[in-house]
Amino acid sequence: HPRLEGKVIIVTGAGSGIGKATTELFQQHGATVIAADLTGADHRADAGNEEDIVRLVSMAREQHGALHGFFANAGISGGLASIFEQTVEDWQEILRVNLIGPFLAIKHAAPVIKEQGAGSIICTASVAGLRSGAGGPAYSASKAGVISLVKTAAQQLAGSNVRVNAICPGLIETGMTEFVYERARAKGQEDRLGHLNPLRRGGVPREIAQAALFLASDESSYVNGHALVVDGGLSSS
Ligand code: NAD
């Protein structure tokens, strides 16, 4: 049965990978999705730009009469360059998209979600925010920041019935991780990627979409301020 019937949800980074798979799954479950990305989605929006986020939230209210959810998912990795190779500009851009983006989503969506009673904001963090070695320095710091942000947001929205959670994906096969797969393939070590976790394989975008579906739906009505790890057991070791 449809689990998001009648809900209006904004998704950023909806043009590919996890955002695209989640948009499709949300739609299959009856949601109206405002799909936003720099390229490849219905609405062009920069997730780290305040005006663009305000515009998406206004669109939900004006064209659909409500907003029930926001999946702040857009992100950039910046590769695996070390602290000594990254520049201030690298850090500013990665933090702008990955951390200020979710901040803007919460700041502007929560008051509107609150107007119609209840809803769910989900931010894509990463296992890189929990442990070293899974991403570059700015990326990992930005994702640790997202995990902190959802906890603070859940506290500051106390009494509102707006829940805020994060998802921490492990290795998922998308455009962002193509270079990891390509590098492993070039070395003839593709099978070794699976040894990163007990399930012995990388994940696919739909497996993160399923977690987002749970957090967006009323089935997670008592889950709040939580970082849900979806990594095949990678961070359990
Ligand atoms: P992806 O590259 O396929 O998708 C990211 C999307 O975000 C792209 O469509 C891109 O155009 C968009 N985007 C980038 N900057 C943007 C901006 N400023 N405004 C709007 N859109 C922007 O990669 P993905 O793996 O689907 O990434 C989605 C999220 O998942 C990211 O936050 C990423 O950090 C996170 N994540 C991915 C993995 C993984 O292994 N793939 C693991 C952990 C976390």
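Residues numbered from 1 in each chain as written. Predicted model: local features only at pLDDT ≥ 70, side-chain atom pairs only at ≥ 80, totals over all residues.

Asker: Just checking my understanding: could you explain the overall build of the protein for this structure?
Answerer: Across its full length, the protein holds seven helices and seven strands. Burial analysis of the protein (237 residues in total) assigns 47% to the buried set. (Helix = DSSP H or I, 4+ residues; strand = E, 2+ residues; numbered from the N terminus. Buried ≥ 20, exposed ≤ 12 C-beta atoms within 10 Å, placed from the backbone.)

Asker: Help me out: how do you make sense of unusual backbone geometry in this one?
Answerer: The bulk of non-glycine residues show a negative phi, and the bulk of peptide bonds are trans. Even without glycine at this site, Asn161 takes up a positive phi of about 70°. Within the element layout of this structure, Asn161 appears in the loop between helix 4 (137–156) and strand 6 (162–169). The exposure class of Asn161 is partly exposed, given the 14 C-beta atoms found within 10 Å. The residue Arg200 is not glycine, and still its phi comes out positive at about 60°. Here Arg200 falls in the exposed class, since 12 other C-beta atoms lie within 10 Å of it.

Asker: I would appreciate a short explanation of the site of the ligand in the present structure.
Answerer: Taken together, 28 residues lie near the ligand, and Gly13, Gly17, Gly75, Thr174 and Met176 sit nearest. Per element, the largest residue contribution to the shell around the ligand is three residues, and it comes from helix 1 (residues 17–28). For the shell around the ligand, the per-class residue count stands at 10 nonpolar, 16 polar and two charged. (Near = placed C-beta within 6 Å. Nonpolar A, V, L, I, M, F, W, Y, C, P; charged D, E, K, R; others polar.)

Asker: I'm lost on helix 5 (residues 178–186) in this one. Help?
Answerer: In an α-helix, one turn spans 3.6 residues; hence positions three or four apart end up facing the same way. Summarising burial for helix 5: zero of the nine residues are buried, a small minority. Note on helix 5: the residue one or two positions beyond its end, Gly188, has a positive phi of about 65°.

Asker: Help me understand the packing of helix 1 against helix 7 (residues 205–216), please; the structure alone is not making it clear to me.
Answerer: In a packed pair of helices, the relevant descriptors are the angle between the two axes and the axis-to-axis distance. Two elements in contact, helix 1 and helix 7, have axes separated by 8 Å at closest approach and are oriented at 55°. By the angle between their directions, the pair helix 1 and helix 7 is classed as oblique. Handedness of the helix 1/helix 7 crossing: right-handed. Residues Gly17, Ile18, Lys20, Ala21, Thr22, Leu25 and Phe26 of helix 1 form the contact with helix 7, whose participating residues are Pro205, Arg206, Ile208, Ala209, Ala212, Leu213 and Ala216. Of the residues in the contact of helix 1 with helix 7, the class split is 10 nonpolar, two polar and two charged. (Axes fitted to C-alpha atoms, helices over the stretch in contact; angles between N-to-C directions. Parallel < 35°, antiparallel > 145°, perpendicular 65-115°, else oblique. Left-handed = near helix turned anticlockwise from the far one by under 90°. Contact = placed C-beta atoms within 7 Å.)

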